Amino acid sequence: MDGEGDVMTERQREGIRVTGAPRGGVEEDAGLHDLYRKACRLMPGGVNSPVRSFRAVGGTPLPVRGGHGPRLVDDTGAEYLDLVMGWGSLILGHAHPEVRKALQRALRRGWNFGALTGEEVVLAELLCRAVSGVEMVRLVNSGTEAAMSAVRLARAFTGRSKVVRFHACYHGHADALLTAPGEDGFSSRPSSLGVPPGCVADTLTLPYGDEASLRGVFEAHGEEIAAVIVEPVGGNAGVVIPAAGFLPEARGLCDRWGTLLIFDEVITGFRFRFGDCGEMLGVRPDLVCLGKIIGGGLPIGAYGGRGEIMELVAPLGGVYQAGTFSGNLASVTAGLATLEVLEEENPYPFLDELGSLLQKGLEEGAAEAGLEVKVHRFGSMLSLTFLPEAVGAGGKEQVNASYYGNFFHEMLKRGIYLPPSPSESWFLSTSHGEEDVRLLLEAAGEAFKEVRKRG
Ligand code: PLP
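Here goes a summary of the coordinates provided. (Residues numbered from 1 in each chain as written. Predicted model: local features only at pLDDT ≥ 70, side-chain atom pairs only at ≥ 80, totals over all residues. Heavy atoms only, no water.)

1. Section: helix 13 (residues 395-413)
(1) Moving on: The end-to-end C-alpha separation of helix 13 is 28 Å, in line with the 27 Å expected for 19 residues at 1.5 Å each.
(2) Moving on: Among all positions of helix 13, only Val399, Asn400, Tyr403, Tyr404, Gly405, Asn406, Phe407, Phe408, Glu410, Met411 and Leu412 are buried.
(3) Moving on: Against strand 3 (79-82), strand 14 (381-386), strand 15 (416-417), strand 16 (426-427) and helix 14 (434-454) lie the buried residues of helix 13. (Helix = DSSP H or I, 4+ residues; strand = E, 2+ residues; numbered from the N terminus. Expected span 1.5 Å × (residues − 1). Buried < 20%, exposed > 50% of the residue type's maximum accessible area, 1.4 Å probe, protein only. Contact = heavy atoms within 4.5 Å.)

What follows is the structure, encoded as C-alpha cells:
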C-alpha cells in the first residue's frame, strides 16, 4: 500500500492511547488492544455496526488501517486476504485505481452541494438502463433507507398498509422491517428492543421460500397487502437460494391481488450480472432496492421502478422522502467509476469460476478433515454451514455457530479475514485471483483439521 492509503495520521494514532477504563465488560482483559479498549468506552460495543464486534465468533475485532486489492491491512501492518469486502460493496476490491482516480478528480470540485449534479443524472440513466423495470430512480444513502422508502411508496401507491417479508431476509433497520414471526397466524413481533408492537402490526413475517404460507397469507389478507419485499437470493442468513417456483409464485400472487413486489437487491444488484438479479431469475418486480456496489464502497442506496409508481415520490407526489447527503458527489462518483469498470470488463463469468473453485476446494478440504459442511453459493457470494453428526442440546444453529467461530479464528491466524458471523455471506471481488483462492484453501485445509480436533 502506498502512503496515500495510510488512513490514520500520527496525531490520530496518539489519540488512541487509553485514558480510562472501557465499559462493556472488557476492562479486565489486559490483553486487549488499546484502540479497542478506548473504542469500547466511546462507542457501544466499540463499533459502529454490531457484527463488527466479533460477538458472534468470540474475541475482539480486528482494528483496520486500510486495504488494497483483495487485502485488508490491520493497524500493525499485517495483511489479511479479505472475504468481507466492505460487506459486499467492494466488487472491484479495496482502493481500485480507477475508482480512486475518479474520486481524486471529482473531489477537487467539492463533495456535497445539496443540489442537482450531472453525475447523478449519469448514474440514474445507467441504473434505468441496466436494472429491468426501472424507469425512474431515487438515490438515498443506505440500503436501509432504500427498503424503508420503497415500502412507504408501495403503501401509498396501493392505498394499503400490510407488508409481507421473510424471516431469513434483512432489509436494514427500519422499524416495520425489524420483525420475527409472531405466535399466531402470520403475525410478527419486533426483533429489536425499542420497536413498539404497533410499528410491526402491519408486517407479516413468513419463512423464506415457503410458497404454501405465501398463498395462505394472501388468502387471509390479500386485499390489505401493499407489498411483498424479498431478497431474490438471500444473503443475510448465509446464502439462501430460493426454489425455482418461489419468486414466480410471489409475482403471480402480487399480480392477482394488486400488490407490489419489491426486490431488495441491495446485495444482489450488479453482483452476478451487470444489472439486477431478478432478470437472471426471470421475475420482474414492481420496485427494486439497490445499494452497496452502486456506491463503489461509499454510502449509497437507491429505489426505483415504473414511472407511474415513482411519480408519487416528493416533490412530484405526496410520498415524502429526502436526504442531506443523497446523491453526494463522492458516493455517486465512486459508484459510477465502479459500474463503468464492471460494464467494460464483464468480470461475472470470472467471478463465478472463482466462486466455483472456492466452493469445490472448501468441500474437499472439509471432507479430508472428516467434517461435513455445506457450501451455499450463488456466483461470487457464498457461505459455509457445518453439519456435525452429533448435535448437542444447543441444536443445529448453535453447534454451527460454535464450529464457525473456531474456523473463523483458525483462518484469521492464517491471514484470512472471513465475515465474523456464520450468518453473513463471503464475497469475492475482481481483485481476488486463483492464487488467492489457493492460499485460502490451504489455510482452510489446516483450519478444518483444527476444528475437527476440537469437535
Ligand atoms: N437490504 C439488504 C438485502 C442488505 O443486505 C442490507 C445490508 O446488509 C440492507 C438492506 C441495509 O443496507 P445498509 O446497511 O446500507 O443500510
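2. A look at the packing of helix 5 (residues 118-130) against helix 11 (residues 329-345)
Each pair of packed helices gets described by two things: the angle between the helix axes and the distance between those axes.
(1) Moving on: At a minimum axis separation of 10 Å, helix 5 and helix 11 run at an interaxial angle of 40°. In terms of orientation, helix 5 lies oblique with respect to helix 11. Here helix 5 runs over helix 11; the crossing is left-handed. Contacts from Glu119, Glu120, Val122, Leu123, Leu126, Leu127 and Arg129 of helix 5 reach helix 11 at Leu329, Val332, Thr333, Leu336, Leu339 and Glu343.
(2) Moving on: Split into classes, the residues belonging to the contact of helix 5 with helix 11 amount to eight nonpolar, one polar and four charged. (Axes fitted to C-alpha atoms, helices over the stretch in contact; angles between N-to-C directions. Parallel < 35°, antiparallel > 145°, perpendicular 65-115°, else oblique. Left-handed = near helix turned anticlockwise from the far one by under 90°. Nonpolar A, V, L, I, M, F, W, Y, C, P; charged D, E, K, R; others polar.)

3. Considerations on the packing of aromatic side chains
(1) Moving on: Considering all chains together, one arrives at 12 aromatic pairs under this definition.
(2) Moving on: Ring centres of phenylalanine 166 and phenylalanine 246 lie 5.2 Å apart, and the angle between their planes is 80°; this geometry places the pair in the edge-to-face category. Pair noted here: phenylalanine 166 is in strand 5 (residues 162-166) and phenylalanine 246 is in helix 8 (residues 246-257), with a separation of 80 residues, a long-range link. Residues phenylalanine 166 and phenylalanine 246 agree in their burial class; the two are buried.
(3) Moving on: Seen in terms of ring centroids, phenylalanine 407 and phenylalanine 448 are 4.7 Å apart; in terms of plane orientation they differ by 15°. Their pairing is stacked. Residue phenylalanine 407 is located in helix 13, and its partner phenylalanine 448 is located in helix 14; the two are separated by 41 residues in the primary sequence.
(4) Moving on: Connected via pairs of aromatic rings, a cluster forms that spans Phe386, Tyr403, Phe407 and Phe448. (Phe/Tyr/Trp six-rings, centres within 6.5 Å; stacked < 30°, edge-to-face > 60°.)

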